[in-house]
Amino acid sequence: MHPDLTERILQHLETADQVDTLDLAAKFAVDHQKIVGALKSIQAHGELVNAEVATHKSLGLTDEGRSVVEHGSHEALVYAAVPEEGIAQAALMTAGGPNAKVGFSKAMSQGWILVDKTVTPPLVRRKVEKITDSVKEQLKQVAAGKGDALPSKDVTDFKKRKLLQETTTKSFVLSRGPEFATTLTKLETDLTVEMLSSGLWEQLKFKSYNFDALGAPPSRGHLHPLLKVRTEFRQIFLEMGFSEMPTNNYVESSFWNFDALFQPQQHPARDAHDTFFVNHPAKSHKFPQEYLERVKKVHSVGGYGSKGYGYDWKVEEAQKNLLRTHTTAVSARMLYKLANQEGGFKPAKYFSIDKVFRNETLDATHLAEFHQVEGVIADVGLTLGDLIGTLYEFFRKLGITQLEFKPAYNPYTEPSMEIFCYHPGLGKWIEVGNSGVFRPEMLLPMGLPENVNVIAWGLSLERPTMIKYGINNIRDLVGPKVDLKMVEEGPICRLDHV
Ligand code: FB9
């Protein structure tokens, strides 16, 4: 919008009682939209002009109509394609251009050409020496803005042939308004104390409020994708009747992290190259003493039908503090409590979603810490079939229906299974977790009844989150190099519950 355009319009209205914005566009040789823009600006300054909406129907050329003006009508092109010696009709359909079929029938009805059937094959020949392409001439009239002169029957025919089209243009008929002026006064946007105290406000004009304006989005926090996916997982567990375990202790004793799970003290997982040991405090000293003795016994000489590992179990090893390597340490604590609670054992379903730490080789998808998602069910007579059925239900709620299980080994579960699924989004099979039935050597020293089995499974939170949000490198999801825009703009997480 030219700033002087508003004043040129107002000056025009000083002498003209009314004017159409289309005429102003022609007069000022500017696009009509610029006139409309200037009008909106004038109207924002008050009732300087009246503006009545006007609609104009006009004839306009279609793209095909413009092609006829440039190259000639379809019938004229067909006539021009007929040589002195004549031409087979099939050949003419090619030589006569993209609209040869329409052109042929129009040229025949105009008497410009004929079909000579006295020869074989029949040939199309010219019937007249020369033609006048009236269609082209009439459409040139429309292009020159003289469409009103066309006979109505021709207009109807050209519309039917999609050479002409009605166009409706909206414009405004302007006239001087009650607050007419030939210049725009500056609109104030703020009412100040000075204006009020001096009384100046009475001489000023104020910009009207725009109640449709959107408010400035307040700056606010944003949930990290991991937390969004955690919420979805938590919802699934709650829907399935699971209760969340208290996982607010990253530091754990080796006793609960390993010994309680019947993991032998020489197991490589307990080496410093796999586990982060804590120096301060280096040791835990408070354990349920009778339970500790039963753990010591089952490791060293066995019991409950097991022959144990046959080594000299040391409490000093069990006292060592570490950063928990799995949330199964928390599950062990919960199962011990379940076995020894007031009123005795009752069936339970627990879950946890929290950080675990492993001193492992780092790569694009693995850091030394990740969030483990774990589900645990304790009940009388549970079987591997119950575990498989529970896994199908759990993953169904994640949008996954095709599962496969592969026998695996864990020190604390037997049988154990790796879980694989066909991931529709990735279009391939992927590993999605591990699972198993806790061993009697783990459960019976806790004091759980002999007929109680505990099934459990685990997976990570990072892998599904990276897949869901299309992140390939774990360092783009967590750590100091994360682009906070990713956090801010990440969509809400909706797992495809099926
Ligand atoms: O999460 C894993 N993969 C996964 C999970 C979900 C997913 O998308 C959802 C379907 C929509 C996509 C992928 N994995 C386990 C498999 C692999 O990523 C693996 O490379 C990494 N694993 C971690 C441990 O690696 C050191 C994932 C983590 C894991 C593995 C096992 C357990 C927990 C976490 C366990 C357990 C367990 C077993 C028995 C009893 C109790 C707990």
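Residues numbered from 1 in each chain as written. Predicted model: local features only at pLDDT ≥ 70, side-chain atom pairs only at ≥ 80, totals over all residues. Heavy atoms only, no water.

K.L.:
Whenever I open this one, the site of the ligand confuses me. Can you help?
P.N.:
The immediate surroundings of the ligand are formed by 24 residues, with Arg358, Glu431, Leu459, Ser460 and Arg463 found nearest. The contact in question runs from a nitrogen atom of the ligand to an N or O atom on the backbone of Glu431, over 3.1 Å. The contact in question runs from an oxygen atom of the ligand to an N or O atom on the backbone of Ser460, over 2.7 Å. Look at the ligand: alone it shows 850 Å² of surface, and the protein chains cover 88% of it. If one sorts the elements of the shell around the ligand by residue count, strand β16 (residues 428-438) sits on top with seven residues. (Near = heavy atom within 4 Å. Polar contact = N/O pair within 3.5 Å; in protein donor to acceptor, adjacent residues only side chain to side chain. Areas by Shrake-Rupley, 256 points an atom, 1.4 Å probe, with all protein chains shown as cover. Helix = DSSP H or I, 4+ residues; strand = E, 2+ residues; numbered from the N terminus.)

K.L.:
In this structure, what is going on with the pairing of strand β17 (residues 452-460)? I would like to understand it.
P.N.:
Within a regular strand, the side chains alternate between the two sheet faces. Most of β17 is tucked away: eight of the nine residues are buried. Two strands pair when backbone bridges link them, and strand β13 (residues 369-380) and β17 are joined in this way by nine bridges, in the antiparallel orientation. Bridging from a neighbouring strand, Ile377 pairs with Ile455 of β17. Where β16 meets β17, four bridges bridge the pair, whose relative direction is antiparallel. (Buried < 20%, exposed > 50% of the residue type's maximum accessible area, 1.4 Å probe, protein only. Pairing = 2+ DSSP bridges.)

K.L.:
Is there a simple way to explain the sheet that holds strand β6 (residues 164-176) in this structure?
P.N.:
Strand pairs in the sheet, formed through backbone hydrogen bonds, run parallel or antiparallel to each other. Strand order in the open sheet formed by three strands is β1-β6-β2, and the pairing between neighbours is antiparallel. With one partner strand each, in any of the chains shown, β1 (18-20) and β2 (49-61) form the two edges of the open sheet. The mean angle between the axes of side-by-side strands here comes to 25 degrees, regardless of whether they run parallel or antiparallel. Across three bridges, β1 lies against β6 in antiparallel orientation. Paired with Asp20 across the bridge in β6 is Val173. (Axes fitted to C-alpha atoms, helices over the stretch in contact; angles between N-to-C directions.)

K.L.:
Can you walk me through the packing of aromatic side chains in this structure?
P.N.:
Two numbers describe a pair of aromatic rings. These are the distance of the centres and the angle of the planes. Per the counting criterion, the structure on display carries 22 aromatic pairs. Aromatic pair Phe394 and Trp457: ring centres 5.3 Å apart, planes at 65 degrees, arrangement edge-to-face. One end of the pair, Phe394, is in helix α16 (residues 384-396); the other, Trp457, is in strand β17, with 63 residues separating them in the sequence. Side by side, Phe394 and Trp457 carry an identical accessibility label, which is buried. For the ring pair Tyr412 and Phe438, a centre distance of 6.3 Å and an interplane angle of 45 degrees mean the geometry is tilted. Of the two residues, Tyr412 is situated in the loop between β14 (403-410) and β15 (413-423) and Phe438 in strand β16; the sequence distance between them amounts to 26 residues. In this structure Tyr412 comes out as buried when scored by relative accessible area, which is 14%. (Phe/Tyr/Trp six-rings, centres within 6.5 Å; stacked < 30°, edge-to-face > 60°.)

K.L.:
I would appreciate a short explanation of the nonpolar core in the present structure.
P.N.:
It is characteristic of soluble globular proteins that their nonpolar side chains tend to be buried jointly. Residues Phe233, Leu391, Phe394, Phe395 and Trp457 are the most contacted members of the largest nonpolar core, which totals 39 residues. Elements represented by at least two residues in this core include exactly α11 (225-239), β12 (348-357), β13, α16, β15, β16, β17 and α19 (484-489). If you tally residues by element for this core, the top one is α11, at five residues. Non-local contacts of Phe394, meaning those with residues more than four positions away in its chain, are made with Phe233, Ile236, Phe237, Met240, Trp457 and Leu459. Core analysis: the next-biggest nonpolar cluster, separate from the first, contains 33 residues, Met334, Leu335, Ala378 and Leu448 among them. (Core = buried A, V, L, I, M, F, W, Y, C linked by side-chain atoms within 4.5 Å. Contact = heavy atoms within 4.5 Å.)

K.L.:
Just checking my understanding: could you explain the side chain of Thr465 for this structure?
P.N.:
Its place among the elements puts Thr465 in helix α18 (residues 462-468). There is a polar contact of 2.7 Å between the side chain of Thr465 and the backbone oxygen of Leu461.

K.L.:
I tried to follow the layout of surface pockets on my own but got confused; where do I start?
P.N.:
Which parts of space are left empty comes out when a probe the size of a water molecule is rolled across the atoms. Its boundaries defined by the atoms lining it, the second largest pocket holds a volume of some 150 Å³. As for the second largest pocket, its lining consists of Glu188, Thr189, Asp190, Leu191, Phe206, Lys207, Ser208 and Tyr209. Classifying every residue of the lining of the second largest pocket gives three nonpolar, two polar and three charged. (1 Å grid on protein atoms, 1.4 Å probe; cavity = no way out; pocket = protein on both sides within 12 Å on 5 of 7 lines; lining within 4 Å. Points joined across faces, edges and corners; volume = space filled by probe spheres on them. Nonpolar A, V, L, I, M, F, W, Y, C, P; charged D, E, K, R; others polar.)

K.L.:
Whenever I open this one, a nonpolar patch on the surface confuses me. Can you help?
P.N.:
A grouping of Leu191, Leu196, Trp201 and Phe206 is seen on the molecular surface, where their side chains present a nonpolar patch of about 390 Å² in accessible area. Of note, Leu191 is situated in the loop between β7 (187-188) and α10 (193-198). With relative accessibility at 52%, the residue Leu191 sits in the exposed group. (Patch = residues over 30% accessible without salt bridge, like charges linked within 9 Å, V, L, I, M, F, W, Y side chains within 5 Å. Salt bridge = Lys/Arg side-chain N within 4 Å of Asp/Glu carboxyl O.)

K.L.:
What's the story with the sheet that holds β12 in this structure? I'm lost.
P.N.:
Strand order across the open sheet formed by seven strands is β9-β12-β13-β17-β16-β15-β14, with mixed pairing between neighbours. Every other strand in the sheet has two partners, leaving β9 (243-244) and β14 as the edge strands with one partner each. On the sheet, α11 packs against β9, β12, β13 and β17 and is oriented at approximately 165 degrees with respect to β12. Packed onto the sheet, α16 meets β13, β14, β15, β16 and β17 and runs at close to 35 degrees relative to β17.

K.L.:
Hey, could you run me through unusual backbone geometry in this one?
P.N.:
It is generally the case that most residues other than glycine have a negative phi and that most peptide bonds are trans. In the segment running from Thr120 into Pro121, the intervening peptide bond is cis, with an omega of -5 degrees. Mapped onto the elements, Pro121 comes out in the loop between β4 (113-116) and β5 (123-126). A cis amide bond links His280 with the next residue in sequence, Pro281, at an omega value of 0 degrees. Its identity is not glycine, yet Lys162 carries a phi of approximately 55 degrees, on the positive side. By secondary structure assignment, the location of Lys162 is in the loop between α9 (152-160) and β6. Of note, Tyr304 is a non-glycine position whose phi angle comes to about 60 degrees, a positive value.

Geometric descriptors of this kind do not, in isolation, establish any biological role.
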